[in-house]
Amino acid sequence: MKKSYNWLLAAILLLVTTSTALAQITGTVVDASTQTPVPGVNVGVKATTIGTVTDFDGNFSLTIDEPGTLVISYVGFQTQEIELEGTTVDLGTIALEVSQVGLAEVQIIASVAVNRKTPVAVSTISAADIEAKLGNQEFPELLNTTPGVYATKAGGGYGDAELRLRGFNSENIAVMINGVPVNDMEGGRVYWSNWAGLSDVTRTMQVQRGLGASRVAVPSIGGTVNILTKTTDVEKGGSVFMNTGNDGYQKYGFTLSTGLDDSGFAATISASKTSGDGFVDGNWFEGYSYFVNISKEINKNHRLSLTAFGAPQEHGQRFEAEKIAVYRQSDRGIRFNRDFGYRNGEVYNASTNAYHKPQVSLNHFWNISEDMDLSTVVYGSLGTGGGRYLYGEDKTGIDNTEYRFGPLQPLNYDKIVQENIDRGALGAESIIIESRNDHTWFGALSTLSMDITEDIELIAGVDWRSYEGRHYQKVADLLGGSYWLDDDGNANNPNNVAQKGDKINYNNDGLVNWLGGFAQAEYSNDILSAFVNVALSNTGYKRIDYFRYLDTDPMRESDWVNFLGYSAKGGANYNINDQHNVFANVGYFEKAPFMNAVFLNNENIINENAENQKVVSAELGYGFRSQALSGTVNVYWTNWKDRTLTRSFPNPDGTRGFANILGINALHQGIELDFKYRASDALEITGMASVGDWRWQDDVTGVEIINEEGEVEDIIDIYIEDLKVGNAAQTSMALGANYEVLPDLRLRGNWNYFSDLYADFNPNDRTSPDSGQAWEVPAYGVVDTGLTYSFDFGGFDATLNGNVNNLFDTLYIADARDLDGTASGAGVWYGYGRTYTFGLKLNF
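Calculation criteria
Residues numbered from 1 in each chain as written. Predicted model: local features only at pLDDT ≥ 70, side-chain atom pairs only at ≥ 80, totals over all residues. Heavy atoms only, no water. Helix = DSSP H or I, 4+ residues; strand = E, 2+ residues; numbered from the N terminus. Rg over C-alpha atoms; globule rule 2.2 N^0.38 Å. Buried < 20%, exposed > 50% of the residue type's maximum accessible area, 1.4 Å probe, protein only. Contact = heavy atoms within 4.5 Å. Areas by Shrake-Rupley, 256 points an atom, 1.4 Å probe, with all protein chains shown as cover. Core = buried A, V, L, I, M, F, W, Y, C linked by side-chain atoms within 4.5 Å. Pairing = 2+ DSSP bridges. Axes fitted to C-alpha atoms, helices over the stretch in contact; angles between N-to-C directions. Polar contact = N/O pair within 3.5 Å; in protein donor to acceptor, adjacent residues only side chain to side chain. Phe/Tyr/Trp six-rings, centres within 6.5 Å; stacked < 30°, edge-to-face > 60°. Lys NZ or Arg CZ within 6 Å of the ring centre and 35° of its normal. Salt bridge = Lys/Arg side-chain N within 4 Å of Asp/Glu carboxyl O. pLDDT = per-residue confidence, 0-100.

## Looking at the overall build of the chain
The helix and strand tally for the chain stands at six helices and 52 strands. Scaling as 2.2 N^0.38, a compact globule of 844 residues should have a C-alpha radius of gyration of about 28 Å, and the chain matches this with 29 Å. The principal-axis extent of the C-alpha atoms belonging to the chain is close to 115 × 60 × 60 Å. Residues counted as buried form 54% of the 844 residues belonging to the chain. Look at the contacts in the chain between residues 6 or more apart in sequence, and 67% of them connect residues 24 or more apart. Just so you have it, the chain exposes about 36200 Å², and 54% of that area is on carbon and sulfur atoms.

What follows is the structure in structure tokens.
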């Protein structure tokens, strides 16, 4: 009897187990355009709370009691609904179409890296993450959770953020928007205030560390930040949003899309306004952003896409990095700004920045044949604006109490104005000048791809750019004075008398022509992918000076100076199995010096012997992924040789000579780790760690400067051996969590830690063997938190979103400028204290 009972119990358990195992809806979700798995896709039964998300391989499994409608949705893709005919169904591969027209074509130009295929270290931030986490942070700060990145607000003005990658500053980081480079053509810098509104329309932001996957001839030492904006939405609809936050922060905007009609036409527009008083005294801001995309499919083989976007803005600034003692003594603490004050009873800051840099691009995609495609973009940008600041007698110093409302109190600009008025015919002592940096920039990128075999693809392209920068200073405000008198060497104004609007100090144009080409061979199958890339470029510089030379002077316009650069790089990724992969890359390139190393001392005298900078880089990495865990670890080695260093000296005939000092080298090496762990359907944990060793290499001593007479004019010694590279944290860590409390409510938190941060210094100034190491800034960690709640509101899909940054109001120094290797001597900028934003978005 007992034996038969056991058999009966076993049969019942087997039946229950079998029924449970069979009552499963399974499938794999992939990107229709790339056929790659899409992790994190929401899969659920309509009108129920039953749901799950895909794992790192795009797989999902869902238990249901009765048939229904399966809804598959993910940001950036079109939602799919599948009618289930039973409770046990294997749906196989489900291909999600992207929700935007022309995105695949843009990705070709932009050289987007693909996980387990492209052999580079890469981190990607999605539109959903940007929308949820940005708040009132600066756009680059979102990247602080990725290895090797150090981004700060710098002086704290709107859009004044600074980004460093593997110890390199923005001059040595290639930043591209939809594949179009945006680094300044003359000096290489990226001014994020020009793109402060770009976060509203960014679809993904990808950081490719090291050599990167960029196919265009854009040599980058530290890496590439690849920003892809929205194109045109396939579905008709739109959204409106409103945000508020600390210190008067306000932001609101909208997006409207026509959707894709039967003729292949679609259009999307977005616009927003952002304003506030600023965390730092006097750093008020007002910015706008706009985005327009129009797409038209002409036939099955041709598609045109026109995109225009821009972000005009104006904001107060803080230029001076103060000593720690100043912040401690001021009752404004870390908000102190020496340029902040009052004029006519209203808040006034003499230091401001205003700029507008719209960019318009026309993309054409041509499917020439089944095995050949051509993607081309032509673009143009017209930049206008500049920065203002107080000029003349220094009346903004921290010790100039007579011009303040008390020690370290706001400035009394009315007193400065009254003194100028009282001087009458003597002219103004202090004025406000504006440094303009207008430019016109046109370019074209074209990439031809051809499938030789099923596994081999040949890609070739050209990159052309033409740039004209117009640089001058002008009198913006006489502050009550009758005129400005300045012996500034203006050959065309010998009296040196200037009224409002007149140009002073300098007035010149910088012209840059760039032409580059590349060729790349790629091999790819499910197991092995590899590439070899070679590129050649010519950078031409020319300078026209309207200030130092008369119109009749032949020196007024310089000759063109050309620098030939080239690069060669290659890499491979090997997928050991479905869980493990390894990758490696290596490359060498020569990069043209920046314009200020070609034309020195703001003159048209050409530095004939200016040298290319040389860079050698190598990287080795390992990747792992399972149903719950994915991550990568990589080591890198980058040797930066012959950093541009020049010295000038007077010749006996009164002219100036120049010497190029070679051997200023730096070694950047380190290890990076990042991971993502799905502890459950409700909890996701992310983290990263980056440990770098970035040092200047050998001293350069005994360099003889020889004048035209063959005499030793000077001997140069630079002592930099083993000095740590400053201005970026060499060690960083992050740990984050995202928890679904309820089906429509998510909480998140993130901890960032930075250490081994040395104050910034110019190695050219280390001329004494006793110079020593720069001051090491104290390590710090900050915690950011946020929540997102989705709900129905009067027929709209509504989302409430809130963020608190620096939750515990941690006091920390984010940037420092070295003086004597001590904390008391350094100039510093503190990071922001606790800040918050809260907003509502309605989708329709």
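Once the structure has been displayed, the description carries forward.
## Considering the nonpolar core
Burial of nonpolar side chains together is a common tendency in soluble globular proteins. Judged by nonpolar contacts, the single largest core of 50 residues is most densely connected at Y150, W696, W775, I813 and V828. Not counting the four nearest positions on each side in its chain, Y150 is found in contact with N144, E162, L163, R164, N727, A728, A729, F754, L757, Y780, I813 and A814. Counting residues in each nonpolar core, the second largest holds 25 residues, with V149, L163, W195 and F309 among its members.

## Concerning the sheet that holds strand β28 (residues 411–412)
Reading across the sheet, the three strands line up as β24-β23-β28 and stay open at both edges, with mixed pairing between neighbours. Only two strands of the sheet have a single partner each, and these edge strands are β24 (346–349) and β28. Pairing of strand β23 (residues 340–343) with β24, which is carried by four bridges, proceeds in the antiparallel orientation. Within the sheet, the bridge partner assigned to G341 lies in β24 and is Y348. Where helix α5 (residues 413–423) meets the sheet, it contacts β23, β24 and β28, and its direction lies at approximately 60 degrees from that of β23.

## What to know about the environment of E522
Examined against the element boundaries, E522 turns out to sit in strand β33 (residues 503–524). Each C-alpha atom of the pair E522 and D451 lies 9.5 Å from the other, and the pair is 71 residues apart in sequence. In this structure the side chain of E522 is engaged in a polar contact, spanning 2.7 Å, whose partner is the side chain of Q520.

## Observations regarding unusual backbone geometry
The residue L479 is not glycine, and still its phi comes out positive at about 50 degrees. Mapped onto the elements, L479 comes out in the loop between β30 (456–477) and β31 (484–485). Positive phi, close to 55 degrees, is recorded for D756, a residue that is not glycine. Taking relative accessible area as the criterion, D756 reaches 27% and is therefore assigned partly exposed.

## Details of the packing of aromatic side chains
Geometrically, a pair of aromatic rings is defined through the distance of the ring centres and the angle of the planes. Scanning all chains against the criterion turns up 24 aromatic pairs. Between Y789 and F791, the aromatic rings sit 5.3 Å apart at their centres with planes inclined by 20 degrees, giving stacked as the arrangement. For F791, a relative accessible area of 22% corresponds to the partly exposed category. Within the aromatic cluster, the residues linked to one another by ring pairs are Y150, F754, Y780 and Y812. Positioned above the aromatic ring of Y472 is the side chain of K503, whose terminal nitrogen or guanidinium carbon lies 4.6 Å from the ring centre.

## Some thoughts on the pattern of salt bridges
Across all of its chains, the model carries 34 salt bridges by this definition. R303 is the partner of E297 in a salt bridge, and the nearest nitrogen-oxygen pair spans 2.7 Å. Overall, the relative accessible area of 33% leaves E297 in the partly exposed class. For R303, a relative accessible area of 18% corresponds to the buried category. The salt bridge involving E434 is made with R436; its shortest N-O contact spans 3.2 Å. R436 carries the same exposure label as E434, and that label is buried.

## Let's talk about the pairing of strand β46 (residues 745–758)
As paired strands, strand β45 (residues 729–742) and β46 are joined by 12 bridges and run antiparallel to one another. The residue of β46 that forms the bridge with L742 is L745. The hairpin formed by β45 and β46 contains two residues between the paired strands. With 10 bridges connecting them, β46 and strand β48 (residues 780–793) associate as antiparallel partners. Bridge assignment links F754 to a residue of β48, and that residue is Y780. Two strands pair when backbone bridges link them, and β46 and strand β47 (residues 776–777) are joined in this way by two bridges, in the antiparallel orientation. The residue bridging Y758 from the neighbouring strand is E776, located in β47.

## Observations regarding the confidence of the model for the chain
One rule of thumb: low pLDDT means the predicted coordinates there are not for detailed reading. When pLDDT is averaged across the chain, the result is 90; 93% of the residues are at 70 or more. Note that pLDDT drops below 50 for residues 11–22; the model gives that stretch two contacts with residues more than four away or on any other chain.

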